Amino acid sequence: MMGLTAQSSGIHAFLEELNQSSVKADAIIALAGNPNTGKSTVFNGLTGLNQHTGNWPGKTVILARGNYQHRNKNITLVDLPGTYSLLANSADEQVARDFICFGNPDATVVVADATCIERNLNLVLQVMEVTTKTILCVNLIDEAKRKNIAIDCSGLEKILGIPVIPAVARDKVGLTELKDAIHKVAIEKKPICPHPLIYNESIENAINQLQNDVETLLQGKFNSRWAAMRLLDGDATMITEMLHHLKKDQRQEPLAIRRGEAHCYE
Amino acid sequence: MNNGEIDFNQIMSKAQILRNQLGAVRDQVVKDIYQQAQEIAGKVVRGQNLKRDLDQKIDNVVTSKIFGFPLMIALLGLVFWLTISGANVPSEMIANVLFGFQDKLTELFRWAGAPAWLHGVLVLGMYRGLAWVVSVMLPPMAIFFPLFTFLEDLGYLPRVAFNLDKFFKKAGAHGKQVLTMCMGFGCNAAGIIACRIIESPRERMIAILTNNFVPCNGRFPTLIAMAAVFMGAFVSGYNSFAASGLVAVVVVLGVLITLSVSWLLSKTLLKGIPSTFTLELPPYRIPKVGSLLIRSVLDRTLFVLMRAVVVAAPAGAITWILANIHIGDLSIIGYLAGWLQGFGQLLGLDGFIILAFLLGLPANEIVVPILMMCYMSQGAMLELDSIDALRRLLINNGWTWLTALNMILFSLLHFPCATTLLTIRKETQSVKWTLLAALIPTGVAVLVCFLIAQIARALGLV
């Protein structure tokens, strides 16, 4: 059961490579989003030409990373594969999930398409379940406007409980605001309390019955609610992976979800 | 550590019990997430998206039970018809220019006093192979790719996936396999890479093993040329409409065989239950003509053409050498073809055709040029500036309607090209599956051609 080293060595190899990059990063940011939301435009807009691509070790997925400077801090951006969901297991989705979960990014930016925000919110909600340090970038605001769609971003911010930045990445609109938001979350460590997804009663009950045990098992270092959900879903690999990381990372910084942050869910 | 494991096992069994009580957790979770996304969107999105209603109306027709399939096949036929009938004229023009240049080259070699073998290898081998590849492949690709990219950009392909989804489910495969299949129309190697979008390793392997059953653009020119030959020579009243109809039928046959083999695999080597997925139909978008042309011409047409050219040049040279080195009375190619003749006959083909497919392993594009070179080295020299000339050459070499038909089928079904096989090796990390990916199609091709040949002969049709 504990032998899932291929996966963990994959991400560890990648993280090591990340650490050895010539520019020392003050923060590592994951960039997620559905395909065709202009995620790459956001990535290129933020990092300019300071980009590298590399194969995700152990997986046949190409990852790009890039750097930019903002307020004298070096920020490293990791461009995750475009995914519709974190629930399934395609190589792309796994990489996105593993990085958000085990890569300990200082923030995760989800890029959404303003012209079909409803569809994109599925992923946003799922990422918010994994990590509290989520920022939403609503891209293609101009295209939405042309289609007569207006998004109330401050309203969305209130409902979700995470920073929401409207943008037209193609024209570099909103990118400074996005950098500011990333700075607040990743450097200033401004706490975020996303509003959690609520499932139907029977699932919520089942989660409650599992969550305490899971929390003890994972030493409070992972999001126990989310881990309990995966167990209910029958996905034991995530938990074994988490235990694996606990052992491996004993000397390192606590991972994605700290105990304090996990309390947001209660 | 042991404590951890015991705890873990306890929690696992507890979760198992809870899961059993709950039933389909995943479905419920997905439903809840979607519902909340919808609620939130309802609160923050202002303005009505009129386009969405229109999309819905179009989808009701395009994916309907009655119109979905006829529309799909009609569109497919239309694309092939535009390709075939549109490519004829430019093909002939390019061929005239290129083969005219061949005569100039020959004069140049003669004037320089170059030895005959050098002229043979470079002009008759390399250059002529290249000229055929360019003149026959370029026009259909220049028409087919923009049309296909148009359907892709328009958002029609996901609708095709939607229509075919239930058939793939029934075959024990994944609905997303349709999308990888569509990529395969461009290039099977690209189709294999596209299989990454399928989550379950089992269904992914099925998609990889069967991707080759849709003709890539390396094989389209062969299919199109053979369909034209078949219709022109052996069926009265040739027109491009009938030929494109035949190509459409062949493609549909490829899909049917994909389904059958997928079904067989999911019952034998790759047993399992198909997994569910949510297919989202993206909004229709009117493609931007400029970027469509640039992408399909640069990314696809020129890329594929370059690959064909790079492979065709050495293959043309090697084939010429093999065809012109004689041992006794017979060339090396003659020996090899003679050796394969019996096997070819069984399949309704001949030794040269089998040899051309074997020599064409580097790229499917060069199978027909190699075949022509083989035939022409046998003495029947012809100016090949049109499909008509090709037809005469083939008939002179003993072709019947059965040869043309089985050539089409063998081309559709046979082993993938070397690039595709290397890609499969890379993606599956397994020599065993790569071998299977070569053996399964070849087996199907041999079986189908054998049966057709035997039945046709038994009925006295040939």
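One can find the structure itself at the top, above this paragraph.
Given the structure is predicted, the values throughout are model-derived calculations rather than measurements.

Across its full length, chain A carries 11 helices and 8 strands. Counting across all 266 residues of chain A, residues that qualify as buried make up 62%. When contacts within chain A are restricted to residue pairs at least 6 apart in sequence, long-range pairs at least 24 apart make up 72% of them.

This brings us to the pattern of salt bridges. Residues and elements named next belong to chain A. Inspection of the entire model under this criterion finds 14 salt bridges over all chains. Its salt-bridge partner being Glu188, residue Arg71 comes within 3.6 Å of it at the nearest N-O pair. With Arg71 in the loop between strand E3 (62–70) and strand E4 (73–79) and Glu188 in the loop between helix H7 (175–187) and helix H8 (201–217), the pair connects residues that are 117 residues apart, well separated along the chain. Two residues, Arg225 and Glu204, come together in a salt bridge whose shortest N-O distance is 3.0 Å. In this pair, Arg225 sits in helix H9 (residues 224–232) while Glu204 sits in helix H8, placing the two residues 21 residues apart along the sequence. One exposure class covers both Arg225 and Glu204, and it is buried. Beyond isolated ion pairs, a larger network of salt bridges with shared partners links Arg71, Asp180 and Glu188.

A few words now on the environment of Ile318 of chain B. Along the chain, Ile318 of chain B turns up in helix H12 (residues 289–324). Taking the C-alpha atoms as reference points, Ile318 of chain B and Val121 of chain B, separated by 197 residues in sequence, lie 7.8 Å from one another.

With that out of the way, let us pick up helix H5 (residues 116–154) of chain B. Compared with an ideal rise of 1.5 Å per residue, which puts 39 residues at 57 Å, H5 of chain B spans 54 Å between its outermost C-alpha atoms and is within 8% of the ideal. At Met137 of chain B, H5 of chain B shows its strongest bend, of approximately 30 degrees, with the proline Pro139 of chain B following within four residues.

The next subject is the pairing of strand E6 (residues 134–139) of chain A. Residues and elements named next belong to chain A. Most of E6 sits out of view: 6 of its 6 residues are buried. Across the two faces of E6 the burial is the same, with Thr134, Leu136 and Val138 and Ile135, Cys137 and Asn139 all buried. The sheet contact formed by strand E5 (residues 107–113) and E6 spans 6 bridges and is parallel. Looking at the pairing, Val109 lines up with Ile135 of E6. As for the winding sense of the linkage, the β-α-β connection from E5 through helix H4 (residues 117–130) to E6 is right-handed.

Turning next to the interface of chain B and chain A. Taken together, the contacts link 45 residues of chain B with 54 residues of chain A. Interface area, chain B with chain A, both sides summed: about 4,400 Å², of which 64% is carbon and sulfur. The tally of links from chain B across to chain A stands at 1 salt bridge. Where Lys14 of chain B meets Asp213 of chain A, a salt bridge forms, and the shortest distance between an N and an O atom there is 3.1 Å. Where chain B touches chain A, the interface holds 6 residue pairs in polar contact (both at pLDDT 80 or more).

What follows deals with helix H13 (residues 332–346) of chain B. Residues and elements named next belong to chain B. Its 15 residues give H13 an end-to-end C-alpha distance of 22 Å, which sits within 8% of 21 Å, the value for a rise of 1.5 Å per residue. Taking the largest bend as the criterion, H13 deviates by roughly 45 degrees, centred on Leu340. When we look at burial in H13, the residues that qualify are Ile333, Gly334, Ala337, Leu340 and Gly344.

This part is about unusual backbone geometry. Residue and element names in this part refer to chain A. Even without glycine at this site, Arg71 takes up a positive phi of about 50 degrees. Among the residues examined, Arg71 registers a relative accessible area of 44% and is labelled partly exposed. In the Ramachandran plot, Lys189 falls in the positive-phi region, its phi being about 55 degrees despite a non-glycine side chain. For Lys189, the position within the fold is in the loop between H7 and H8.

Note on placement: Gln177 of chain B falls in helix H7 (residues 177–186). In this view, Gln177 of chain B contacts Phe168, Ile198, Ile206, Ala207, Thr210, Thr258 and Ser262 of chain B; residues no more than four positions away in its chain are not counted.

Before going further, it helps to spend a moment on the packing of aromatic side chains. Residues and elements named next belong to chain B. Enumeration according to the criterion identifies 4 aromatic pairs over all chains in this entry. When the centroid spacing of 5.4 Å and the interplanar angle of 90 degrees are considered together, the rings of Phe69 and Phe167 count as edge-to-face. Here Phe167 lies in helix H6 (residues 156–170) and Phe69 lies in helix H4 (residues 68–112), a separation of 98 residues in the sequence. Between the aromatic rings of Phe357 and Phe410, the centroid separation amounts to 4.8 Å while the plane-to-plane angle is 55 degrees, which identifies the pairing as tilted. Note that Phe357 is positioned in helix H14 (residues 351–359) and Phe410 in helix H17 (residues 401–413), a separation of 53 residues in sequence. Since its relative accessible area comes to 2%, Phe357 is described here as buried. Seen from the ring of Tyr284, Arg159 lies directly overhead, with NZ or CZ sitting 3.9 Å from the centre.

Looking now at a nonpolar patch on the surface. Residue and element names in this part refer to chain B. On the surface, Phe343, Leu346, Leu447, Phe450, Leu451, Ile455, Leu459, Leu461 and Val462 cluster together into a nonpolar patch covering about 850 Å² of accessible area. Among the secondary structure elements, those contributing two or more residues to the nonpolar patch are H13 and helix H19 (431–458). For the nonpolar patch, the leading source of residues is H19, giving 4 residues.

Residue and element names in this part refer to chain A. Among the secondary structure elements, Asp106 is positioned in the loop between helix H3 (91–102) and E5. Taking relative accessible area as the criterion, Asp106 reaches 17% and is therefore assigned buried. Here Lys189 takes part through its side chain, which lies 3.3 Å from a polar atom of the side chain of Asp106. In contact with Asp106, not counting residues within four places along its chain, are Ala27, Ile28, Ile29, Lys133, Val185, Ala186 and Lys189.

The next subject is the packing of helix H18 (residues 418–428) of chain B against H19 of chain B. Residues and elements named next belong to chain B. Contact geometry for H18 and H19: axes closest at 8 Å, N-to-C directions at 145 degrees. The chirality of how H18 crosses H19 is right-handed. Taken together, the residues of H19 that come into contact with H18 (itself represented by Leu421, Ile424, Arg425 and Thr428) are Val431, Trp433, Thr434, Ala437 and Ala438. Looking at side-chain class alone, the contact of H18 with H19 contains 6 nonpolar, 2 polar and 1 charged residues.

The next thing to look at is the environment of Asn50 of chain A. All names here are of chain A. You can see Asn50 is positioned in the loop between helix H2 (39–47) and strand E2 (51–55). For Asn50, a relative accessible area of 45% translates into the label partly exposed. Taking the C-alpha atoms as reference points, Asn50 and Thr76, separated by 26 residues in sequence, lie 9.7 Å from one another. Not counting residues up to four positions away in its chain, the partners in contact with Asn50 are Arg65, Gly66 and Asn67.

Rules of the game
- Residues numbered from 1 in each chain as written.
- Chains lettered and ligands numbered in written order.
- Predicted model: local features only at pLDDT ≥ 70, side-chain atom pairs only at ≥ 80, totals over all residues.
- Heavy atoms only, no water.
- Helix = DSSP H or I, 4+ residues; strand = E, 2+ residues; numbered from the N terminus.
- Buried < 20%, exposed > 50% of the residue type's maximum accessible area, 1.4 Å probe, protein only.
- Contact = heavy atoms within 4.5 Å.
- Salt bridge = Lys/Arg side-chain N within 4 Å of Asp/Glu carboxyl O.
- Expected span 1.5 Å × (residues − 1).
- Bend = angle between axes of the 7 residues up to and from the residue.
- Pairing = 2+ DSSP bridges.
- Right-handed = clockwise from strand over helix to strand, strands pointing away.
- Buried area = accessible area lost by both parts, 1.4 Å probe.
- Polar contact = N/O pair within 3.5 Å; in protein donor to acceptor, adjacent residues only side chain to side chain.
- Phe/Tyr/Trp six-rings, centres within 6.5 Å; stacked < 30°, edge-to-face > 60°.
- Lys NZ or Arg CZ within 6 Å of the ring centre and 35° of its normal.
- Patch = residues over 30% accessible without salt bridge, like charges linked within 9 Å, V, L, I, M, F, W, Y side chains within 5 Å.
- Areas by Shrake-Rupley, 256 points an atom, 1.4 Å probe, with all protein chains shown as cover.
- Axes fitted to C-alpha atoms, helices over the stretch in contact; angles between N-to-C directions.
- Left-handed = near helix turned anticlockwise from the far one by under 90°.
- Nonpolar A, V, L, I, M, F, W, Y, C, P; charged D, E, K, R; others polar.

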